[in-house]
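# Overview (structure and organization)
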Amino acid sequence: MQYRELKIAGAWEITPKQFGDDRGVFLEWFKQDTFADATGRELDLAQANCSVSAAGVLRGIHYADVPPGQAKYVTCASGSVLDVVVDLRVGSPTFGQWDSVLLDTVDRRAMFLSEGLGHGFLALEDHSTVMYLCSTGYNPEREHEVYPLDPEIGIEWPTVGRNGSRLEYELSAKDRAAPTLAEARAAGRLPHM
(Lines give C-alpha, C1' and ligand atoms only; values in the text may rest on other atoms or scores of the structure.)
Protein backbone atom coordinates (compact mmCIF):
# COMPACT_ATOMS: atom_id res chain seq x y z
CA MET A 1 0.00 0.00 0.00
CA GLN A 2 1.11 3.51 -0.73
CA TYR A 3 0.12 6.33 1.65
CA ARG A 4 0.11 9.99 0.65
CA GLU A 5 -0.76 12.66 3.22
CA LEU A 6 -3.19 15.16 1.77
CA LYS A 7 -2.83 18.93 2.19
CA ILE A 8 -5.10 18.67 5.24
CA ALA A 9 -3.10 17.30 8.20
CA GLY A 10 -4.70 14.08 9.44
CA ALA A 11 -6.02 12.98 6.02
CA TRP A 12 -4.37 10.41 3.76
CA GLU A 13 -4.92 8.86 0.36
CA ILE A 14 -4.23 5.12 0.34
CA THR A 15 -3.49 3.27 -2.91
CA PRO A 16 -3.49 -0.53 -2.56
CA LYS A 17 -1.44 -2.94 -4.61
CA GLN A 18 -3.79 -4.96 -6.82
CA PHE A 19 -3.19 -8.55 -7.87
CA GLY A 20 -5.17 -9.42 -10.96
CA ASP A 21 -5.53 -12.27 -13.39
CA ASP A 22 -8.21 -13.57 -15.75
CA ARG A 23 -10.41 -14.41 -12.72
CA GLY A 24 -10.48 -10.86 -11.34
CA VAL A 25 -8.60 -8.80 -8.74
CA PHE A 26 -7.49 -9.22 -5.13
CA LEU A 27 -6.28 -6.43 -2.85
CA GLU A 28 -5.99 -5.50 0.81
CA TRP A 29 -8.01 -2.32 1.31
CA PHE A 30 -7.08 -1.93 4.99
CA LYS A 31 -4.21 -3.37 7.02
CA GLN A 32 -3.64 -2.18 10.60
CA ASP A 33 0.16 -2.49 10.72
CA THR A 34 0.87 -0.58 7.49
CA PHE A 35 -1.80 1.96 8.46
CA ALA A 36 -0.15 2.55 11.86
CA ASP A 37 3.32 2.78 10.28
CA ALA A 38 2.16 5.40 7.77
CA THR A 39 -0.14 7.50 9.96
CA GLY A 40 1.47 7.06 13.38
CA ARG A 41 -1.80 5.91 14.95
CA GLU A 42 -4.13 2.95 15.34
CA LEU A 43 -7.65 2.85 13.95
CA ASP A 44 -10.09 1.51 16.53
CA LEU A 45 -13.09 0.09 14.69
CA ALA A 46 -16.53 0.58 16.18
CA GLN A 47 -18.79 0.61 13.12
CA ALA A 48 -18.76 -0.14 9.37
CA ASN A 49 -21.09 1.72 7.00
CA CYS A 50 -22.22 1.14 3.42
CA SER A 51 -23.86 3.80 1.25
CA VAL A 52 -25.23 3.24 -2.27
CA SER A 53 -25.93 6.36 -4.33
CA ALA A 54 -27.19 7.37 -7.75
CA ALA A 55 -25.12 9.67 -9.96
CA GLY A 56 -25.35 13.23 -8.64
CA VAL A 57 -26.08 12.31 -5.02
CA LEU A 58 -24.03 14.63 -2.81
CA ARG A 59 -23.59 13.51 0.81
CA GLY A 60 -21.98 15.71 3.46
CA ILE A 61 -20.11 17.64 4.70
CA HIS A 62 -20.51 15.61 7.93
CA TYR A 63 -18.51 15.61 11.16
CA ALA A 64 -18.85 14.54 14.79
CA ASP A 65 -18.21 16.41 18.05
CA VAL A 66 -14.65 16.13 19.35
CA PRO A 67 -14.07 14.43 21.71
CA PRO A 68 -14.48 11.68 20.80
CA GLY A 69 -14.94 12.57 17.12
CA GLN A 70 -15.17 9.96 14.42
CA ALA A 71 -12.23 8.94 12.23
CA LYS A 72 -13.21 7.34 8.91
CA TYR A 73 -11.46 5.02 6.46
CA VAL A 74 -13.41 5.23 3.20
CA THR A 75 -13.34 3.30 -0.09
CA CYS A 76 -15.62 2.81 -3.08
CA ALA A 77 -16.48 -0.85 -3.75
CA SER A 78 -18.50 -0.17 -6.90
CA GLY A 79 -18.90 2.85 -9.17
CA SER A 80 -17.00 6.07 -8.48
CA VAL A 81 -17.17 9.06 -6.16
CA LEU A 82 -15.22 12.23 -5.52
CA ASP A 83 -14.42 11.91 -1.81
CA VAL A 84 -13.76 15.22 -0.04
CA VAL A 85 -12.17 16.19 3.27
CA VAL A 86 -12.68 19.68 4.76
CA ASP A 87 -10.65 20.99 7.67
CA LEU A 88 -13.28 22.14 10.19
CA ARG A 89 -10.84 22.43 13.12
CA VAL A 90 -10.85 26.00 14.41
CA GLY A 91 -7.22 27.03 14.93
CA SER A 92 -5.82 24.71 12.26
CA PRO A 93 -3.51 26.35 9.70
CA THR A 94 -5.67 24.79 6.94
CA PHE A 95 -9.04 25.67 8.51
CA GLY A 96 -11.74 25.89 5.84
CA GLN A 97 -9.59 24.27 3.16
CA TRP A 98 -10.48 21.07 1.34
CA ASP A 99 -8.83 18.26 -0.59
CA SER A 100 -10.23 15.34 -2.53
CA VAL A 101 -9.50 11.84 -3.82
CA LEU A 102 -11.23 10.01 -6.67
CA LEU A 103 -12.41 6.69 -5.28
CA ASP A 104 -13.32 4.17 -7.97
CA THR A 105 -12.94 0.58 -9.12
CA VAL A 106 -9.89 1.35 -11.27
CA ASP A 107 -7.28 2.41 -8.68
CA ARG A 108 -9.37 1.22 -5.70
CA ARG A 109 -7.97 3.95 -3.48
CA ALA A 110 -9.16 4.74 0.02
CA MET A 111 -9.13 7.92 2.09
CA PHE A 112 -8.51 8.21 5.81
CA LEU A 113 -9.88 11.20 7.75
CA SER A 114 -8.92 11.90 11.37
CA GLU A 115 -11.32 13.13 14.03
CA GLY A 116 -12.45 16.73 13.60
CA LEU A 117 -12.34 16.68 9.81
CA GLY A 118 -15.45 17.06 7.66
CA HIS A 119 -16.31 14.41 5.08
CA GLY A 120 -18.50 14.34 2.00
CA PHE A 121 -18.71 12.73 -1.40
CA LEU A 122 -20.40 13.08 -4.78
CA ALA A 123 -21.46 9.95 -6.69
CA LEU A 124 -20.18 10.12 -10.26
CA GLU A 125 -22.19 7.16 -11.52
CA ASP A 126 -25.28 5.18 -10.56
CA HIS A 127 -24.99 2.49 -7.88
CA SER A 128 -21.78 3.96 -6.45
CA THR A 129 -21.16 1.95 -3.29
CA VAL A 130 -19.08 3.58 -0.56
CA MET A 131 -17.83 1.54 2.40
CA TYR A 132 -16.34 3.15 5.47
CA LEU A 133 -14.85 2.00 8.73
CA CYS A 134 -15.53 4.30 11.69
CA SER A 135 -13.65 4.73 14.96
CA THR A 136 -16.85 5.46 16.91
CA GLY A 137 -20.49 4.52 16.43
CA TYR A 138 -23.15 6.83 15.08
CA ASN A 139 -24.63 9.19 17.68
CA PRO A 140 -27.23 11.57 16.20
CA GLU A 141 -26.81 14.06 19.06
CA ARG A 142 -23.08 14.44 18.28
CA GLU A 143 -23.29 14.43 14.46
CA HIS A 144 -23.36 17.69 12.48
CA GLU A 145 -23.09 19.00 8.96
CA VAL A 146 -21.83 21.99 7.01
CA TYR A 147 -23.44 23.03 3.71
CA PRO A 148 -21.44 21.25 0.96
CA LEU A 149 -22.05 23.99 -1.63
CA ASP A 150 -20.83 26.80 0.67
CA PRO A 151 -18.94 29.24 -1.59
CA GLU A 152 -16.61 30.15 1.30
CA ILE A 153 -15.27 26.58 1.26
CA GLY A 154 -15.42 26.50 -2.54
CA ILE A 155 -15.33 22.77 -3.21
CA GLU A 156 -15.01 22.17 -6.93
CA TRP A 157 -17.62 19.45 -7.25
CA PRO A 158 -17.67 17.79 -10.70
CA THR A 159 -20.53 18.78 -12.98
CA VAL A 160 -20.20 15.79 -15.33
CA GLY A 161 -20.48 12.11 -14.41
CA ARG A 162 -18.24 9.26 -15.52
CA ASN A 163 -20.50 8.60 -18.53
CA GLY A 164 -20.25 12.22 -19.72
CA SER A 165 -23.77 13.24 -18.67
CA ARG A 166 -24.43 16.39 -16.65
CA LEU A 167 -24.79 15.83 -12.91
CA GLU A 168 -27.76 17.32 -11.06
CA TYR A 169 -26.79 17.51 -7.38
CA GLU A 170 -29.21 15.73 -5.07
CA LEU A 171 -28.86 16.54 -1.35
CA SER A 172 -30.80 15.29 1.63
CA ALA A 173 -33.10 17.78 3.35
CA LYS A 174 -30.67 17.82 6.28
CA ASP A 175 -27.68 18.67 4.06
CA ARG A 176 -29.65 21.34 2.14
CA ALA A 177 -30.50 23.02 5.47
CA ALA A 178 -26.96 22.73 6.89
CA PRO A 179 -25.26 25.91 8.11
CA THR A 180 -22.41 27.48 6.19
CA LEU A 181 -18.91 27.23 7.62
CA ALA A 182 -19.18 30.79 8.98
CA GLU A 183 -22.56 30.06 10.59
CA ALA A 184 -21.31 26.84 12.21
CA ARG A 185 -18.23 28.64 13.53
CA ALA A 186 -20.26 31.57 14.89
CA ALA A 187 -22.55 29.10 16.68
CA GLY A 188 -19.53 27.43 18.34
CA ARG A 189 -20.35 24.06 16.76
CA LEU A 190 -17.00 23.32 15.11
CA PRO A 191 -14.18 21.26 16.65
CA HIS A 192 -10.95 22.94 17.78
CA MET A 193 -7.42 21.99 16.82
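Keep in mind it's a predicted model, so treat the numbers as computed, not measured.

### Re the nonpolar core
- Within the largest apolar cluster, 21 residues are counted, with the highest numbers of intra-cluster contacts made by Val146 and Leu190.
- Secondary structure elements with two or more residues in this core: strand E6 (58-64), strand E8 (80-87) and helix H3 (181-186).
- Setting aside residues no more than four positions away along its own chain, Leu190 makes contact with Tyr63, Leu88, Val90, Phe95, Val146, Leu181, Ala184 and Arg185.
- Membership of the second largest hydrophobic core comes to 17 residues, among which are Ala11, Val81, Met111 and Tyr132.

### Details of unusual backbone geometry
- Ile61 follows Gly60 through a cis peptide bond whose omega is 10°.
- Phi is positive for Arg108, which is not a glycine, with a value near 55°.
- Along the chain, Arg108 falls in the loop between strand E9 (98-104) and strand E10 (110-113).
- The phi torsion at His127 lies on the positive side, around 65°, for a residue other than glycine.
- Among the structural elements, His127 can be located in the loop between strand E11 (117-123) and strand E12 (128-134).
- Exposure remark for His127: the relative accessible area of 58% places this residue in the exposed category.

### Some thoughts on the pattern of salt bridges
- Going through the model one piece at a time under the given rule, you end up with 10 salt bridges.
- Arg41 is the salt-bridge partner of Glu115, the closest N and O atoms lying 2.8 Å from each other. Taken together, the positions of Glu115 in the loop between E10 and E11 and Arg41 in the loop between helix H1 (32-39) and strand E5 (47-53) put the pair 74 residues apart, joining distant regions of the chain.
- With relative accessibility at 23%, the residue Glu115 sits in the partly exposed group.
- Each of the salt bridges in this network shares a partner with another, and the network as a whole consists of Arg4, Glu13, Asp107 and Arg109.

### Points about the environment of Glu115
- When the C-alpha atoms of Glu115 and Lys7 are compared, they prove to be 16 Å apart, with 108 residues separating the residues in sequence.
- Leave out the neighbours within four places in its chain, and Glu115 touches Arg41, Val66, Pro68, Gly69, Gln70, Ala71, Arg89 and Ser135.
- Of the polar contacts made by the side chain of Glu115, one reaches the side chain of Arg41; its length is 2.8 Å.

### Quick notes on the pairing of strand E2 (residues 11-15)
- Here E2 lies mainly inside the structure; 5 of its 5 residues are buried.
- Side chains Ala11, Glu13 and Thr15 project from E2 onto one buried face, and the interleaved Trp12 and Ile14 project onto a second face that is buried too.
- Strand direction decides the pairing type here: strand E1 (residues 2-5) and E2, joined by 4 bridges, are antiparallel. Note on E2: the bridge partner recorded for Gln2 is Thr15.
- Between E1 and the antiparallel strand that follows it, E2, lie 5 residues; Gly10 among them carries a positive phi value of about 95°.

### Regarding the sheet that holds E1
- Pairing is antiparallel across the open sheet formed by 6 strands, whose spatial order is E1-E2-E10-E7-E12-E5. At either margin of the open sheet sits one strand with a lone partner, and together these are E1 and E5. Across the sheet, the mean angle separating the axes of adjacent strands is 20° when strand polarity is ignored.
- Where H1 meets the sheet, it contacts E1, E2, strand E7 (72-78) and E10, and its direction lies at approximately 35° from that of E1.

### Notes on the environment of Glu156
- Relative to the helices and strands, Glu156 resides in the loop between strand E13 (143-145) and helix H2 (173-176).
- As a C-alpha pair, Glu156 and Ser100 span 56 residues in sequence and 9.4 Å in three-dimensional space.

Reading guide: rules and limits
Residues numbered from 1 in each chain as written. Predicted model: local features only at pLDDT ≥ 70, side-chain atom pairs only at ≥ 80, totals over all residues. Heavy atoms only, no water. Core = buried A, V, L, I, M, F, W, Y, C linked by side-chain atoms within 4.5 Å. Buried < 20%, exposed > 50% of the residue type's maximum accessible area, 1.4 Å probe, protein only. Helix = DSSP H or I, 4+ residues; strand = E, 2+ residues; numbered from the N terminus. Contact = heavy atoms within 4.5 Å. Salt bridge = Lys/Arg side-chain N within 4 Å of Asp/Glu carboxyl O. Polar contact = N/O pair within 3.5 Å; in protein donor to acceptor, adjacent residues only side chain to side chain. Pairing = 2+ DSSP bridges. Axes fitted to C-alpha atoms, helices over the stretch in contact; angles between N-to-C directions.

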